[in-house]
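# Structure assessment
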Amino acid sequence: MNKDVIYIDVEDDITAIIGKVKDAKEKIVALVPPKRVGVLQSAVNLRLLSRAAEQADKRLVVITNNSALTALAAAAKIPIAKNLQSKPEVPEITALDVDNEEDVIDGASLPIGDHARTAGGALGSAAVNEAIRENAAEDSPRAAPPTPGSTPAKPRVKSGIRVPNFNSFRKKLIFGIGGGVLLVAFLIWAIFIAPRATVIITARTTDSSANAKVALDPAVTTSFTANSLKTTVQQQKKDASVEFEATGSKETGEKAKGQMTLNRTSVSSNPISVPAGTSFSYGNYTFVSTQSATLNGTTIGPGGIVQDSATVGVVATAIGDDYNLSARTYQSSVSGLSAQGSDMSGGSKRQIKVVSNDDVQKAADQIAQQSSDDIKKQLMKQFDDTFVVLDQSFKTDRANPQATPAVDQEVTAGTKPKLTVSVTYSLSGVTKADVSKYLDDYFKKQLEGTSDQRVYDNGSSKATFNDLNANGAGFTANLVATAKIGPKIDDNAIKESAKGKRYGDIQSSIESIQGVDNVDVKFFPFWVNAAPNDTNRISIEFNLNGAK
């Protein structure tokens, strides 16, 4: 069977030993005392130890060869074993065999009272009770050995004796120390760290308006002197298209062609030049030459006068099959010759549907009327909270529309022409920091020469841009804002004057400043009734005309 082995230290008292026995995990507990342990030389302590083991449901064994301790253990009915491997037995109660001087109690050295308790050769109940009282006083003497041949008296433990609970005492001690530390920390926080004061000043301010015409352009820098604010432009490009009906029409076809034979009729030695494009007409039908020709001068031959001739190609001046004329004589625009045309052929004409300029313009108007609200919202989302978005700066720049088929081109039957336009959407914004910087400079200029006034709010949070007009790549607009201007109060001076003072003193000293309507002071925590001496723990809060 398993057992716990407890080695008793020389400095252990009976309470510590009992505690170890109770804390033992095994039911059998072997106590191994040192050779000269005094705490187990008391019959009372052994009885207490035996009772504690019994109450804790432990089987106690003392490992010893000491005859005195064996005798005392026998009185307490505690089994003894010579070593951890030997069988424990409850020894018989016999007279102690004092085998060395250390275990012998010299009667001559005992006090008289002890002699009285051992009188009669045996320990009576009174002696045991006295021993218990001495143990309770933590000054337990060794048990008096019985006289040789006599039966040792059984030590008795006084009923009702209480063993101090050192674990409980230790916990109380830890809690007490922890509570003390927390109390000290709280006092340090409450006295040196937590106190603070907020001085709330309500000052009278007046409104001052700004209405400045400024240039808004991405290519400029923000400057009050130049009346310019740099803008940021967000853009988005998209192709817009629409199908439309073609309403134009025109005649198309081929021109009739043929040849024209030119015969010189004038008598002259000078040649006749017939350039390309010379007209040859028959009634309302006119053909023009596509080639040039030269007719030489008149010569005299064997048969008489010889005239030159030439043949050139001609084409009708208009389309249509009505130019397909048979061979006939034409009037030439060049004098001195006659023109004989061949059969003209190839002329044709038909009516087709084409895209007109009006069709393209109407389609472009349809694209312009398409809603761009969604794109505008997308562009606005590209500006974060640090920008003032110029809503009126939203622009749509459209490139030249491309019609398919092009203007005056035939539209294939069963299809619709389509117009496509590339559109660039843009929206501009100005950073709030730039607006504030411009207004700071603006009102600084307004307050030049007035040392007792300051700007409490330059109005940038509610500034607006009115009358926005395009100007090249940017815009011009009127920047409108309303500033709050009031008495100039030095925050640091107020903190210096308020430190260490109570409510009334702070209030009276600040209300004497011109322009201050009301002063309130809030202390924290609630037990604080004066401002801290550290100005870093004093804050100033202004209410302008009653509004924070």
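Residues numbered from 1 in each chain as written. Predicted model: local features only at pLDDT ≥ 70, side-chain atom pairs only at ≥ 80, totals over all residues. Heavy atoms only, no water.

### Some points on the overall build of the protein chain
When its secondary structure is counted, the protein chain shows eleven helices and 28 strands. Taking all 548 residues of the protein chain together, 37% fall into the buried category. A separation threshold of at least 6 residues defines the contact pool for the protein chain, and within that pool the share at least 24 residues apart is 74%. Total accessible area on the protein chain stands at roughly 31800 Å², and carbon and sulfur atoms take up 49% of it. (Helix = DSSP H or I, 4+ residues; strand = E, 2+ residues; numbered from the N terminus. Buried < 20%, exposed > 50% of the residue type's maximum accessible area, 1.4 Å probe, protein only. Contact = heavy atoms within 4.5 Å. Areas by Shrake-Rupley, 256 points an atom, 1.4 Å probe, with all protein chains shown as cover.)

### Quick notes on the sheet that holds strand β1 (residues 3–7)
Taken together, four strands build an open sheet; the order of strands is β1-β2-β3-β4 and the sheet is parallel. For this open sheet the edge positions go to β1 and β4 (80–81), each flanked by a neighbour on one side alone. (Pairing = 2+ DSSP bridges.)

### Remarks on the nonpolar core
Core analysis: the biggest nonpolar cluster contains 27 residues, and Ile-17, Val-21, Leu-31, Leu-40, Leu-49 and Leu-60 have the highest contact counts within it. Broken down by secondary-structure element, the contributors of at least two residues to this core are α1 (14–23), β2 (28–32), α2 (43–55), β3 (59–63) and α3 (67–75). No other element matches α2, which puts seven residues into this core. Those residues in contact with Leu-49, other than ones at most four positions away along the chain, are Ile-14, Ile-17, Ile-18, Val-21, Leu-31, Leu-40 and Leu-60. (Core = buried A, V, L, I, M, F, W, Y, C linked by side-chain atoms within 4.5 Å.)

### Thoughts on the pattern of salt bridges
Applying the stated criterion to the full structure yields ten salt bridges. Residue Lys-437 pairs with Asp-441 through a salt bridge whose shortest N-O separation is 3.7 Å. You can see Lys-437 and its partner Asp-441 sitting in helix α9 (residues 432–446), four residues apart, about one turn around the helix. Residue Lys-437 is classed as partly exposed on the basis of its relative accessible area of 41%. (Salt bridge = Lys/Arg side-chain N within 4 Å of Asp/Glu carboxyl O.)

### Regarding helix α7 (residues 357–368)
In this model, α7 (twelve residues) spans 17 Å end to end at C-alpha, consistent with the 16 Å of a helix rising 1.5 Å per residue. Among the residues of α7, Asp-359, Val-360, Ala-363, Ala-364 and Ile-367 are the ones counted as buried. Along the axis of α7, the buried residues cluster in a sector spanning 135 degrees; they form a single face. Facing away from the buried side of α7 by more than 90 degrees, the exposed set consists of Asn-357, Asp-358 and Lys-362. Buried residues belonging to α7 abut β8 (232–243), β9 (248–252), β20 (350–354), β21 (387–398), β22 (402–404) and β23 (418–431). (Expected span 1.5 Å × (residues − 1). Arc of directions from axis to C-beta.)

### Quick notes on the environment of Ser-273
Looking at where Ser-273 falls in the secondary structure, it is placed in strand β11 (residues 272–274). Here Ser-273 falls in the exposed class, since its relative accessible area comes to 51%. With 61 residues separating them along the chain, Ser-273 and Val-334 place their C-alpha atoms 8.6 Å apart. Residues contacting Ser-273, with those up to four places away along its chain left out, are Ala-293, Thr-294 and Val-334.

### Regarding the packing of aromatic side chains
Taken as a whole, this structure holds 13 aromatic pairs when the rule is applied. Aromatic pair Tyr-282 and Tyr-330: ring centres 6.2 Å apart, planes at 70 degrees, arrangement edge-to-face. With Tyr-282 in strand β12 (residues 279–282) and Tyr-330 in strand β18 (residues 328–332), this residue pair connects regions lying 48 residues apart in the sequence. Joined through ring pairs, the aromatic side chains of Tyr-282, Tyr-285, Phe-287, Tyr-323 and Tyr-330 make up one cluster. Stacked on the ring of Tyr-282, the Lys or Arg Arg-328 has its end atom at 4.5 Å from the ring centre. (Phe/Tyr/Trp six-rings, centres within 6.5 Å; stacked < 30°, edge-to-face > 60°. Lys NZ or Arg CZ within 6 Å of the ring centre and 35° of its normal.)

### Quick word on the environment of Ser-539
Examined against the element boundaries, Ser-539 turns out to sit in strand β28 (residues 538–544). On the basis of relative accessibility, which here comes to 32%, the residue Ser-539 falls in the partly exposed class. C-alpha of Ser-539 to C-alpha of Val-521: the two residues are 18 residues apart in sequence and 9.9 Å apart in space. Those residues in contact with Ser-539, other than ones at most four positions away along the chain, are Ala-197, Thr-198, Val-199 and Lys-495. There is a polar contact of 3.2 Å between the side chain of Ser-539 and the side chain of Thr-198. (Polar contact = N/O pair within 3.5 Å; in protein donor to acceptor, adjacent residues only side chain to side chain.)

### What about a nonpolar patch on the surface?
The grouping of Leu-183, Val-184, Phe-186, Leu-187, Ile-188, Trp-189, Ile-191, Phe-192, Ile-193, Phe-524, Phe-526 and Trp-527 at the surface amounts to a nonpolar patch, some 1300 Å² of accessible area in total. Tallying contributions element by element places helix α6 (residues 166–193) first for the nonpolar patch, with nine residues. (Patch = residues over 30% accessible without salt bridge, like charges linked within 9 Å, V, L, I, M, F, W, Y side chains within 5 Å.)

### Points about the side chain of Ser-356
Checked against the element boundaries, Ser-356 lands in the loop between β20 and α7. For Ser-356, a relative accessible area of 18% translates into the label buried. If we ignore the near neighbours within four places in the chain, the residues touching Ser-356 are Thr-247, Gly-248 and Val-407.

### Topic: the environment of Ser-209
Its location among the elements puts Ser-209 in strand β6 (residues 206–217). On the accessibility criterion, Ser-209 (56% relative accessible area) is exposed. In the structure, Ser-209 is positioned 273 residues away from Thr-482 in sequence and 4.3 Å away in space, judged by C-alpha atoms. When near neighbours in sequence (up to four residues on either side) are disregarded, Ser-209 contacts Tyr-442, Phe-443, Ala-481 and Thr-482.

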